[in-house]
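So you can see what is in the structure, the chains are spelled out below.
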Amino acid sequence: MTLQHERHVNTQRPGGMPTHRYTPFPPIDLPDRTWPSATITQAPRWLSTDLRDGNQALIDPMSPARKMRMFELLVQMGYKEIEVGFPSASETDFSFVRQLVEGDHVPEDVTISVLTQAREDLIERTVQSLVGIHHANIHMYNALAPLFRRVVFHTGKDEIKDIAVRGTELVMKHSENWLDKTVIGYEYSPEIFTSTELPYSVEVCEAVSDVWQPEDGREIILNLPATVEVATPNVYADQIEWFGRQLTRRENTVISLHPHNDRGTGVAATELAMMAGADRVEGCLFGHGERTGNVDLVTLGMNLFSQGVEPMIDFSDIDEIRRTVEYCTQLPVHPRHPYAGDLVYTAFSGSHQDAIKKGLEALEADAAAAGHPVEEHPWEAPYLPIDPKDVGRSYEAVIRVNSQSGKGGVAYVIKSEHKLDLPRRLQIEFSGAVQKHTDGEGGEISSADIWSAFRAEYLDREAPLKLDEVHSSGTRDGRDYLDATVTIDGTAQRIESSGNGPINALLNGLAEVDGSRFDVRLLDYAEHALSAGGDAYAAAYVELVVPTSHGTEDVLWGVGVHENIVTASLQAVISAVNRAS
Ligand SMILES: CC(=O)SCCNC(=O)CCNC(=O)[C@H](O)C(C)(C)COP(=O)(O)OP(=O)(O)OC[C@H]1O[C@@H](n2cnc3c(N)ncnc32)[C@H](O)[C@@H]1OP(=O)(O)O
Ligand SMILES: CC(C)C(=O)C(=O)O
């Protein structure tokens, strides 16, 4: 310690930070730790503390209406253990618990719990809040860590242990007095567990268990909070494994985690501690709670889901969950929040968009080949750890276009929203036009603006040529004949011509009208149906060499969309010629 201090004092401070004021957390001596080889194969028991730890950290604690909305959401999502408040803290907290009990709002398969300090008046009031409920848990805490013994309680280890033991006795006494019709469970939290000497935490928890006397059908929940996250996640896992090994009544003890996120590693710490043997996890939706928050139950649950492990919680409408939590907490969820943020299934950058587009196409093809719907096919797509549709998102926002985007992203928007599957060279040509827009105007271009630009460029031009009507087209003696009316420079003209295909027939007809001006050559052609069924539209794409008004030649694409594939292909030619003009 002294050496460490001297080393820091004597070291120049490149970053100018007073690093010497901080001490690294010592490792736990557990060379035969087993958790690193464990895998998580099932969901833990969850407890939501949104209405307690989450609520106590809000700028504006929830009103009764917001609390009720949060409670209903948690029940709907499938949480079976819900901490609903600190009833002795205020009249608001007390009456919310009364409202739940008296209004019969707690389903049979849901256990509510209430938190109290280990002080008799507070314990009695807490117990009174539960009168009339079928079953509930009382949760009592006191801080054990050396710093708290010294600066908050000004007392020693034995006295602190006595607070826990005496508090447990008082919970039992007042429950007996007030709650003869209620099945009461008990949870004890050695607060600041992560900064407490491990043998001392075990000693206090064992003493509490001696009072509660857990046995079959009468569990005790020992909740081991990372009240403040002070070390790397592996340290928490070691602490949990070490603790679990020392317990004498492990089979009737539920080891519970209550991680906070001060170092930003709350989720990782929880997952490692689950691997280390914990049975139960307490947290809040989207990580609300004191300071940087409690561990985020949404991320934990969705992490299980993304590994094929049933989370036992319904996240299938994640936006509704997010909106409700935003309403209740009056705090926004970050756009990059895992699984739920606005931007988390969205790619702006070209190479990501390209890979996603190809990945989604491959997935559809693989599902079709396997003979089942794509929603049933094993998920695998570049840059998307889960299928956004599994949490109620559409693919619409998966790709959004700005100056970082490439042809793949633009083509994806056109294809997913308008079913036009642009040939590769047309993608390159059109993305150049979009790039000019994003470079010029900066920022994002919306899918509506991309579509307007596409229409203006390829579909809406009507000069110098406009295809008015195709009277007939067909094949005779191996040649295609076309009879159509085309407006040229404002004058309708009848074109009756032939060629080896309808496009060639139109080109020959145009060449007859004005040979040099409409002397175009076809380089490439593609077509596809836009939708299945009798009212299907077809899209046609042509790549033409077209003379320009400057006497040079351009290679340009044209696009046509029509119910009739021949008309669509003729429109495509006219689109390219008009673009050259
Ligand atoms: C880690 C956590 O999140 S724990 C939950 C924290 N949540 C809350 O505190 C929200 C609700 N709390 C409250 O409304 C109030 O703090 C109350 C009603 C519980 C108590 O209020 P007050 O009686 O005014 O006391 P105050 O809040 O200042 O608490 C500090 C006192 O409680 C003692 N204390 C603190 N925790 C505990 C505990 N778990 N068990 C017993 N005594 C405790 C302190 O030592 C201090 O005692 P002192 O007055 O003799 O110095
Ligand atoms: C009451 C306890 C579990 C707590 O909220 C904490 O330690 O963070």
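Now for a quick tour of the structure. (Residues numbered from 1 in each chain as written. Chains lettered and ligands numbered in written order. Predicted model: local features only at pLDDT ≥ 70, side-chain atom pairs only at ≥ 80, totals over all residues.)

## With respect to the site of ligand 1
Piece 1. Near ligand 1 there are 17 residues, and of these Phe86, Ala89, Gln117, Ala118 and Asn142 occur at the shortest range.
Piece 2. Looking at the shell around ligand 1, the elements with two or more residues in it are helix H2 (50–56) and strand S4 (135–143). (Near = placed C-beta within 6 Å. Helix = DSSP H or I, 4+ residues; strand = E, 2+ residues; numbered from the N terminus.)

## So, the site of ligand 2
Piece 1. Around ligand 2 sit Asp53, Leu115, Tyr141, Ser189, Glu191, Asn223, Pro225, Thr227, His258 and His260, and those are all the residues in its vicinity.
Piece 2. Among the secondary structure elements, those contributing two or more residues to the shell around ligand 2 are strand S5 (183–191) and strand S6 (220–226).
Piece 3. Considered class by class, the residues forming the shell around ligand 2 number 3 nonpolar, 5 polar and 2 charged. (Nonpolar A, V, L, I, M, F, W, Y, C, P; charged D, E, K, R; others polar.)

## Quick look at the packing of helix H8 (residues 198–212) against helix H9 (residues 233–246)
Piece 1. At a minimum axis separation of 10 Å, H8 and H9 run at an interaxial angle of 45°. For the element pair H8 / H9, the angle class is oblique. In the crossing of H8 with H9, the sense of the turn from one axis to the other is right-handed. Contacts from Leu198, Ser201 and Val202 of H8 reach H9 at Gln239, Trp242, Phe243 and Gln246.
Piece 2. When its residues are assigned to classes, the contact of H8 with H9 shows 4 nonpolar, 3 polar and no charged. (Axes fitted to C-alpha atoms, helices over the stretch in contact; angles between N-to-C directions. Parallel < 35°, antiparallel > 145°, perpendicular 65-115°, else oblique. Left-handed = near helix turned anticlockwise from the far one by under 90°. Contact = placed C-beta atoms within 7 Å.)

## A short note on the sheet that holds strand S11 (residues 491–499)
Piece 1. Taking strand neighbours across the sheet as the criterion, the 3 strands line up as S9-S10-S11 in an open arrangement whose pairing is antiparallel. The sheet terminates laterally at strand S9 (465–476) and S11, the two strands that pair on one side only. This sheet shows a mean twist of 15° between the axes of neighbouring strands, independent of strand direction.
Piece 2. Note that S9 and strand S10 (residues 479–488) share 10 bridges and pair antiparallel. Paired with Ser473 across the bridge in S10 is Leu482.
Piece 3. Here helix H18 (residues 565–580) sits on the sheet and contacts S9 and S10; the angle it forms with S9, its principal contact strand, is near 135°. (Pairing = 2+ DSSP bridges.)

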